[in-house]
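Structure at a glance
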Amino acid sequence: MIGTAQGVRVDVRCEGCGGTAARSVGQFLMYGRELWWDAECTCPQCGATMCEYWGPEATPEDVREALLAAHGPARLRLTAPLTDPVAVLRVLRERPGTSLRQVRELLARLRDFWLSGTAVEMAYLRVRLAERGVVAEVADGFGRAYRYVGPPELRAAGVGAGAGAGTGDGREAPSAGPAGQPVRTAGEFAAWADARTDARTDLRTAAESAEPFTFVVDLGGMLRLAPRRSEHVACAGGEPVLSAGEIGFRRSGGGWEVATVSNLSTGYCPDTASWPAVAAALTRLGLPHPGAFTYEAVFRRCPRCAECNLVREEHYACVFCDADLPEHWNVDPVAAAA
Ligand SMILES: [Zn+2]
Ligand SMILES: [Zn+2]
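Note that the coordinates shown come from a computational prediction; the quantities given were computed from them, not determined experimentally. (Residues numbered from 1 in each chain as written. Chains lettered and ligands numbered in written order. Predicted model: local features only at pLDDT ≥ 70, side-chain atom pairs only at ≥ 80, totals over all residues. Heavy atoms only, no water.)

What to know about the coordination of the zinc ion (ligand 1)
Put simply, a metal with four donors set out as a tetrahedron has ideal angles of 109.5 degrees, and one with six donors set out as an octahedron has ideal angles of 90 or 180 degrees. Heads up, the condition is: The donor definition counts N, O and S atoms within 2.8 Å of each metal and applies 3.2 Å to Na, K and Ca; water is not among these atoms, so some sites may look incomplete. Only two sets of limits are used to name each site, 85 to 135 degrees for every angle of a tetrahedral four-donor site, and over 155 degrees for opposite donors with all other angles from 65 to 115 for a square planar four-donor or octahedral six-donor site, with any other site named irregular. Per the convention used, a helix needs a DSSP run of H or I reaching at least four residues, while a strand needs a run of E reaching at least two, with both numbered from the N terminus.
In this structure, Cys-14 (SG), Cys-17 (SG), Cys-43 (SG) and Cys-46 (SG) serve as the protein donors to the zinc ion (ligand 1), at separations of 2.3 to 2.4 Å. Geometry at the zinc ion (ligand 1) is tetrahedral, judged from the four donor atoms that bind it and their angles of 106 to 116° at the metal. For the zinc ion (ligand 1), all donor residues lie on one chain, and their spacing in sequence is C-x2-C-x25-C-x2-C. Of this pair, Cys-17 sits in the loop between β1 (5-13) and β2 (20-30) while Cys-43 sits in the loop between β3 (34-42) and β4 (49-55), and the two are 26 residues apart along the sequence.

Pasting the structure below:
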């Protein structure tokens, strides 16, 4: 189930002949306990083969995101309450390119939720934690992850909102809206909702909750909420997601329930097949939900002009060039390899 090697193949331009070459990138456990990545290029036209890299440096973000998109994330959690945080801190600090702030965030996340990342990263952490006597387990995520496919300038603003490692701290992004509020438990959701519904502001907030909020489900399966019309990439702290869309809540008895939920995010263009990740996040919070997206956004990339379309009323034609659009989701195709 959880491999110790993963790869992805992407088409690139051959520097030798200008044709289409295949770039294979991957991560693997070296010597059973070191996290390595590699990249090599082979061109079927001119026969050129080039090894770009092979070694233990920090995996570049584009390689990680391609692996997450092709294979989906894995998750890791401790199988017993954390009694030796120093041992865990030592393990987390071993990863190249990890700042002290990120290490603290990772520890907090491991303490009360799941860590998430590529399957090889989680296998690596499990091995290293075990070496220090800390027992953890690795589980699959919920299928593929969705990379951000919107305008790059919004992504830059979103990454500025911080929280790349998973714990939003609520700081404002310069233009794309605040990072999403992580909602891990029913108590955290109640606090988030109550903060919007005290007696003095009830009228305003009643209108607000009828208009949907921006949400993402992050790689660990956690719901993150942001004010309506916030950019999804900011809500996600720039990371890939399991799903993204808009969500509206209404009062139900003494609590809340989900009134509307969609996969409408032009930043991530997630497939309607991302629903199980949303359902799992809502179920964990004890929030009754409709059992499916109440609005299904159908995103397709045009095979002729490469623009991303939101298909309306089952009219499968590109609004930019009128080419036929495919039946199945194709916005960010990646091929698994190795
Ligand atoms: Zn070539
Ligand atoms: Zn087109």
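Observations regarding the nonpolar core
Inside soluble globular proteins, nonpolar side chains tend to come together where they are buried. For clarity, the threshold we go by: Residues belong to a common nonpolar core when they are buried Ala, Val, Leu, Ile, Met, Phe, Trp, Tyr or Cys residues joined through side-chain atoms within 4.5 Å. Throughout this description, buried means an accessible area under 20% of the type-specific maximum (1.4 Å probe, protein chains only), exposed means over 50%, and partly exposed covers the range between.
In terms of nonpolar packing, the biggest core is built from 27 residues, with Phe-189, Leu-225, Ile-247 and Phe-249 touching the most fellow members. Listed by contribution, the elements that provide at least two residues to this core are α6 (186-194), β9 (213-217), β10 (223-226), β11 (243-252), β12 (255-261) and α9 (275-284). Core analysis: the second largest hydrophobic core is formed by 25 residues, Ala-87, Val-91, Leu-115 and Val-134 among them.

Re the coordination of the zinc ion (ligand 2)
Taken together, Cys-302 (SG), Cys-305 (SG), Cys-318 (SG) and Cys-321 (SG) make up the protein donors of the zinc ion (ligand 2), found 2.3 Å from the metal. Around the zinc ion (ligand 2) sit four donor atoms; with metal-centred angles ranging over 100 to 120°, the donor geometry is tetrahedral. In primary sequence terms, the donor set of the zinc ion (ligand 2) follows C-x2-C-x12-C-x2-C. With a relative accessible area of 3%, Cys-302 lands in the buried category.

Some details on the pairing of β2
Worth spelling out the cut-off: Strand pairing is assigned whenever DSSP identifies at least 2 bridges connecting the two strands.
Counting buried positions along β2 gives nine out of 11 residues, so the element sits mostly inside the fold. Two strands pair when backbone bridges link them, and β1 and β2 are joined in this way by nine bridges, in the antiparallel orientation. From the neighbouring strand, Gly-7 faces β2, where its bridge partner is Gly-26. Where β1 folds back onto β2 in an antiparallel hairpin, the turn is made up of six residues, including Gly-18, whose phi is positive at roughly 80°. Pairing of β2 with β3 involves nine bridges; the strand directions are antiparallel. Across the sheet, residue Ser-24 finds its bridge partner in β3, namely Glu-40. Between the end of β2 and the start of β3, which pair antiparallel, lie three residues, with Tyr-31 showing a positive phi angle near 55°.

Let's talk about the packing of helix α2 (residues 85-94) against helix α4 (residues 119-131)
Angle between the axes and distance between the axes are the two parameters that describe a pair of packed helices. This is how the line gets drawn: In this description, a line fitted to the C-alpha atoms serves as the axis of each element, helices being fitted only across the stretch in contact, and the angle between N-to-C directions of two axes falls anywhere from 0 to 180 degrees. Should an angle fall under 35 degrees it is taken as roughly parallel, and over 145 as roughly antiparallel, whereas 65 to 115 is taken as roughly perpendicular and any remaining angle as oblique. A clockwise turn of the near helix away from the far one marks a right-handed crossing, whereas an anticlockwise turn of less than a right angle marks a left-handed crossing. By definition, residues are in contact when any of their heavy atoms lie within 4.5 Å. Polar here means any residue outside two lists: the nonpolar Ala, Val, Leu, Ile, Met, Phe, Trp, Tyr, Cys and Pro, and the charged Asp, Glu, Lys and Arg; Gly therefore counts as polar.
At a minimum axis distance of 10 Å, the contact between α2 and α4 shows a crossing angle of 140°. Relative to α4, α2 is oriented oblique. Remark: the crossing between α2 and α4 carries right-handed chirality. On α4, the residues touching Val-88, Val-91, Leu-92 and Glu-94 of α2 are Tyr-124, Leu-125, Arg-128 and Leu-129. Considering only residue class, the contact of α2 with α4 consists of six nonpolar, no polar and two charged.

Shape is all these values report; function is a separate question.
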